[in-house]
Amino acid sequence: MQRIREGLYLLQAGGFVNAYLVEGPRGLTLVDTGHPRSATALIDELEHGGFRLPDIEQIVITHAHFDHAGGAAAVLEKRRVKVLAHPAEEAALKGRPPVSGRWLRRLGELAARLWFPYRPLEIVVPLEQGRPLRPLPYWQVLHTPGHTAGSISLYQPAEEVLICGDAFSNRGGRLALSPSLYNDDQAAAARSADGLSHLKCEVLCCGHGPVIRKGASLLMREVVEGFAAARSA
């Protein structure tokens, strides 16, 4: 577990995917849960970091891909709490993932489901932009579609912190938009990234790769402008 700043922690049990723990005045919020095979290690990481599983008050899912939401069912076996996600992600979280039109992506989705068995959730609380998060009253929910139809980001304006799911990726320490192969709608993904790049943001917490701890707005803007220039060339 890495402390990013006061009340915000990076959980790394998922290996190639990040989860985040956020302290609020009414308890802890777990943002994403890693893939199914990492759930036990994620719980251990949390407890070894000095926290208690019973203190988790809610789970927020940025989007319903297996590597971000696949561990939710296992966490719920240990701690029954609400799972919140955008309504457009509800069907996938309940075990009815949309079928992509791209054959290569369909093949990848099938392989992921076989290697990381996706355990569906019974109840998902709908979460939309502008709806307050009771345990996290200072955070804003932003609908950032493109990677999936219901992708969301969480923004704390006072601290200038953004948790962006897969709207951006920082794999290998290189900030970029999520690859088009993994996006439901590349044009929407670019628009969402553009909107995020205009936020006043110092710290950027992506779903993949190390946390950017300084100057995130400028870096996001450079990525968006570079993407637009490449598309128009």
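Refer to the preceding data block for the structure.
The structure presented is a predicted model; accordingly, all values stated were derived computationally and were not measured.

Brief notes about the overall build of the protein chain
Point 1. A tally of regular secondary structure across the protein chain gives seven helices and 13 strands.
Point 2. Taking all 233 residues of the protein chain together, 51% fall into the buried category.
Point 3. In the protein chain, 65% of the contacts between residues at least 6 apart in sequence involve partners at least 24 apart.
Point 4. A total accessible area of about 11,100 Å² is found for the protein chain, and carbon and sulfur atoms account for 54% of it.
Point 5. Of the charged side chains in the protein chain, 26 are positive and 24 negative; the average position of the first set lies 3 Å away from that of the second.

As for the pairing of strand β5 (residues 56-60)
Point 1. When you tally the buried positions in β5, you get four out of five residues, the bulk of the element.
Point 2. Both strand β4 (residues 27-31) and β5 contribute to a ladder of four bridges, which runs parallel. Following the sheet pairing, threonine 29 is matched in β5 by glutamine 58.
Point 3. Of the crossover connections in this fold, the one passing from β4 over helix α1 (residues 39-48) to the parallel β5 is right-handed.

Some words on the sheet that holds strand β8 (residues 140-143)
Point 1. Across the sheet, four strands lie side by side as β8-β9-β10-β13; this open sheet has mixed pairing. Each having just a single partner strand, β8 and β13 (203-206) make up the two edges of the open sheet. Here the strands of the sheet are splayed against their neighbours by 20° on average, with no regard to which way each runs.
Point 2. Where strand β9 (residues 152-156) meets strand β10 (residues 161-165), three bridges bridge the pair, whose relative direction is antiparallel. Its bridge partner being in β10, glutamine 156 is matched across the sheet by valine 161.

Observations concerning the pairing of β4
Point 1. Summarising burial for β4: four of the five residues are buried, a large majority.
Point 2. Inspection of the sheet shows strand β3 (residues 19-24) paired to β4 by five bridges, in the antiparallel sense. Bridge pairing in β4 links leucine 21 to leucine 30.
Point 3. In this structure, the hairpin formed by β3 and β4 is closed by a connection of two residues.

Here's the deal with the sheet that holds strand β2 (residues 8-11)
Point 1. The seven strands lie next to each other as β1-β2-β3-β4-β5-β6-β7, forming an open sheet whose pairing is mixed. Edge positions in the sheet fall to β1 (2-5) and β7 (125-126), since each of these pairs with one other strand and no more.

A word on the state of the cysteines
Point 1. Considering all chains together, one arrives at zero disulfides under this definition.
Point 2. Of the cysteine sulfurs around cysteine 205, a residue in no disulfide, the closest is that of cysteine 206, at 7.8 Å.

Topic: the environment of glutamate 47
Point 1. Secondary-structure assignment places glutamate 47 in helix α1.
Point 2. On the basis of relative accessible area, glutamate 47 is assigned to the partly exposed category, the value being 38%.

A look at the packing of aromatic side chains
Point 1. As enumerated under the stated definition, the model contains one aromatic pair in all.
Point 2. Ring geometry for tyrosine 9 and phenylalanine 51: centres 5.0 Å apart, planes at 70°, overall edge-to-face. Of this pair, tyrosine 9 sits in strand β2 while phenylalanine 51 sits in the loop between α1 and β5, placing them 42 residues apart in sequence.
Point 3. A residue is classified by how much of its surface remains accessible, and tyrosine 9, at 12% relative accessible area, is buried.
Point 4. Judged by relative accessible area, phenylalanine 51 falls into the buried class, the value being 13%.

Each value, and the rule that gives it
Counting restarts for each chain, with residues numbered from 1 along the sequence as it is written. For a predicted model such as this one, the threshold for reporting local features is a pLDDT of at least 70, and the threshold for listing and counting side-chain atom pairs is 80 or more; totals across whole chains, interfaces and linings nevertheless cover every residue. The basis for the side-chain values is all heavy atoms of the structure; hydrogens and waters are excluded. The secondary structure listing takes helices from DSSP runs of H or I that are at least 4 residues long and strands from runs of E that are at least 2 residues long, numbered from the N terminus. Note on classification: 1.4 Å probe, protein chains only; a residue is buried when its accessible area is under 20% of the maximum for its type, exposed when over 50%, partly exposed between these limits. Pairs of residues are marked as contacts when any of their non-hydrogen atoms sit within 4.5 Å. Surface accessibility follows the Shrake-Rupley procedure with a 1.4 Å probe radius. Residue values consider only the protein chains on display as shielding. None of His or the chain ends enter the tally, which takes Lys and Arg as positive and Asp and Glu as negative. A charged residue contributes its charge at one atom only: NZ of Lys, CZ of Arg, CG of Asp or CD of Glu. Here, any two strands with at least 2 DSSP bridges between them count as paired. If you view a crossover with the strands going away from you and the path from the first strand over the helix to the second runs clockwise, you call it right-handed. Axis lines are fitted to C-alpha atoms, over the contacting stretch for helices. Their N-to-C directions set the angle, which ranges from 0 to 180 degrees. Criterion for a disulfide: a pair of cysteine sulfur atoms within 2.5 Å. By convention, a stacked pair of Phe, Tyr or Trp rings (six-membered ring in the case of Trp) has centres within 6.5 Å and planes under 30 degrees apart, an edge-to-face pair has planes over 60 apart, and any other such pair is tilted.

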